[in-house]
Amino acid sequence: MELKATILPLLLMLFLGHSHTHQHQGTHGHGHGHEELLGQEDFTDIIMTMNNGSRDFLMEGDIFVSRKRNAMKCFSTYFDCTWPKSANGNVEVPFTFSSKYNSAEREVILGAMEEFHSKTCVRFVPRPAGERMYLSIEPRYGCYSSLGRTGGKQVVSLQKYGCVHHGVVQHELLHALGFQHEQSRSDRDEHVRINYENIQSKYFTNNFRKQETNNLDTPYDYTSVMHYGRTAFSKSARLETITPIPNANVRIGQRNGMSDIDVLRVNKLYKCPPKSTKEQQRQAEAARQAKEKKEREKAAKLKVKKPLAFYKSRLFDQQR
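A brief structural summary. Just so we're clear, the structure is a prediction, and the values are computed from it rather than from any experiment.

Here we take up the overall build of the chain. Of regular secondary structure, the chain possesses eight helices and nine strands. With 320 residues in all, the chain has 46% of them scored as buried. Here the analysis covers contacts within the chain between residues at least 6 apart in sequence; of these, 73% occur between residues at least 24 apart. With an accessible surface of roughly 17900 Å², the chain has 54% of that area assigned to carbon and sulfur atoms.

Most of strand β7 (residues 153-158) sits out of view: five of its six residues are buried. By the bridge criterion, five bridges tie strand β5 (residues 134-138) to β7 in an arrangement that is parallel. In the strand pairing of β7, E138 is matched with S157. Pairing of strand β6 (residues 143-144) with β7 involves two bridges; the strand directions are antiparallel. By the bridge assignment for β7, C143 is matched with L158.

Look at helix α4 (residues 103-119) against helix α5 (residues 166-177): their axes get within 9 Å of each other, and the N-to-C directions meet at 55°. Relative to α5, the element α4 is oriented oblique. Along this stretch, α4 crosses α5, giving a crossing that reads as right-handed. In contact with V108, I109, G111, A112, M113, E115 and F116 of α4, α5 contributes H166, V169, Q170, L173, L174 and L177. Residue composition of the contact of α4 with α5, grouped by class: nine nonpolar, three polar and one charged.

The subject of this paragraph is the packing of aromatic side chains. Counting across every chain of the model gives seven aromatic pairs. For the pair F95 and F97, a centre-to-centre distance of 5.4 Å together with 85° between the ring planes defines the contact as edge-to-face. Ring centres of F116 and F124 lie 5.4 Å apart, and the angle between their planes is 80°; on these two criteria the pair is classed as edge-to-face. One aromatic cluster is present, formed by F95, F97 and Y101 through successive ring pairs. A cation over an aromatic ring shows up here: R127 above the ring of Y134, its NZ or CZ 4.0 Å from the ring centre.

The next subject is the state of the cysteines. Inspection of the entire model under this criterion finds two disulfides. For C143, the disulfide goes to C163, at an S-S distance of 2.0 Å. Across the S-S bond of C143 and C163 the torsion is about -80°, and the bridge reads as left-handed. Taken together, the positions of C143 in strand β6 and C163 in the loop between β7 and α5 put the pair 20 residues apart, joining distant regions of the chain. Of the two residues, C143 and C163, neither departs from the other in class, the shared state being buried.

The next point concerns the pattern of salt bridges. Applying the stated criterion across every chain yields a total of 10 salt bridges. Where R185 meets D187, a salt bridge forms, and the shortest distance between an N and an O atom there is 2.6 Å. We note that R185, like D187, is buried. A salt bridge links R188 to D189; its shortest N-O distance comes to 2.8 Å.

Moving on to the environment of K119. Topologically, K119 is positioned in helix α4. Between the C-alpha atom of K119 and that of N267, which follows or precedes it by 148 residues, the distance is 8.4 Å. Beyond its immediate stretch of four places on either side in the chain, K119 contacts V263, N267 and K275.

Criteria and cut-off values
- Residues numbered from 1 in each chain as written.
- Predicted model: local features only at pLDDT ≥ 70, side-chain atom pairs only at ≥ 80, totals over all residues.
- Heavy atoms only, no water.
- Helix = DSSP H or I, 4+ residues; strand = E, 2+ residues; numbered from the N terminus.
- Buried < 20%, exposed > 50% of the residue type's maximum accessible area, 1.4 Å probe, protein only.
- Contact = heavy atoms within 4.5 Å.
- Areas by Shrake-Rupley, 256 points an atom, 1.4 Å probe, with all protein chains shown as cover.
- Pairing = 2+ DSSP bridges.
- Axes fitted to C-alpha atoms, helices over the stretch in contact; angles between N-to-C directions.
- Parallel < 35°, antiparallel > 145°, perpendicular 65-115°, else oblique.
- Left-handed = near helix turned anticlockwise from the far one by under 90°.
- Nonpolar A, V, L, I, M, F, W, Y, C, P; charged D, E, K, R; others polar.
- Phe/Tyr/Trp six-rings, centres within 6.5 Å; stacked < 30°, edge-to-face > 60°.
- Lys NZ or Arg CZ within 6 Å of the ring centre and 35° of its normal.
- Disulfide = S-S within 2.5 Å.
- Salt bridge = Lys/Arg side-chain N within 4 Å of Asp/Glu carboxyl O.

The structure is reproduced here in structure tokens:
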């Protein structure tokens with residue numbers, strides 16, 4: 001009887017939070033162009049578009065819940081969802097790549113990982129032979145991840161032509177490290193108002209549940225890469241589901257990548273030692289040189305084009 005009392009509410013919660021199911025359209029696209037997706041307001045628009053029609057249990061839109069795992073286990077004080085520290089002081093997270101990604105897509109994912117390496121003690125490392133607990137990065141249907149370390153192989157889905165974007169990759173990796181959405185934190189009602197009347201249907205209201213989170217003594221972060229945009233799960237693009245308070249004009253949601261507070265939280269959760277000023281300068285210089293090199297290579301591939309004014313003047317001369 002006690003077991004049923006525990007399982008039934010969980011199943012109800014998963015059902016209500018499950019992504020709205022439409023006809024499955026295959027694993028390689030939704031009919032949305034890549035540029036169209038990247039032109040949307042923030043990463044949540046991209047994630048919700050890509051996950052539309054998913055058949056998996058996705059709490060809050062992109063947190064994968066296995067049908068074989070108690071979703072509340074990760075929130076229990078008796079279970080640690082974090083990844084362990086290695087003897088060298090780093091937090092090494094083994095991963096594998098699907099062979100379906102091309103070199104450009106792999107470069108985007110590795111670039112998103114590299115920012116963790118340069119700013120935190122988290123290191124995403126190729127899976128050693130025999131390692132049982134690891135992330136398997138695959139282009140499945142949509143963008144999603146489990147919450148924290150779950151044990152064994154855990155999939156981080158980054159579907160091609162939509163999810164392979166710097167900010168989206170970091171968002172899902174932060175889930176895998178144990179971080180929840182910003183607007184789900186325990187003190188969110190002091191910082192945002194949830195407009196339930198604008199949520200597209202009752203099935204999605206569960207995506208706005210507050211969680212008993214460890215906020216690590218950090219302030220609420222409207223600019224977090226883990227924050228939903230204003231119109232997440234809205235009936236209309238003109239109706240806000242999340243409004244900042246007391247200043248409704250504060251910008252929320254973005255798709256560029258981790259904020260400074262996102263980085264701070266990773267370092268606090270995993271007790272990363274502070275980086276020396278010298279090391280920070282070295283890493284900043286290395287990043288600058290790498291960026292300049294990439295820009296030079298890109299420029300070298302482009303053909304030199306005459307300015308539009310040149311062609312207009314030629315056309316004018318011909319018409320005279």
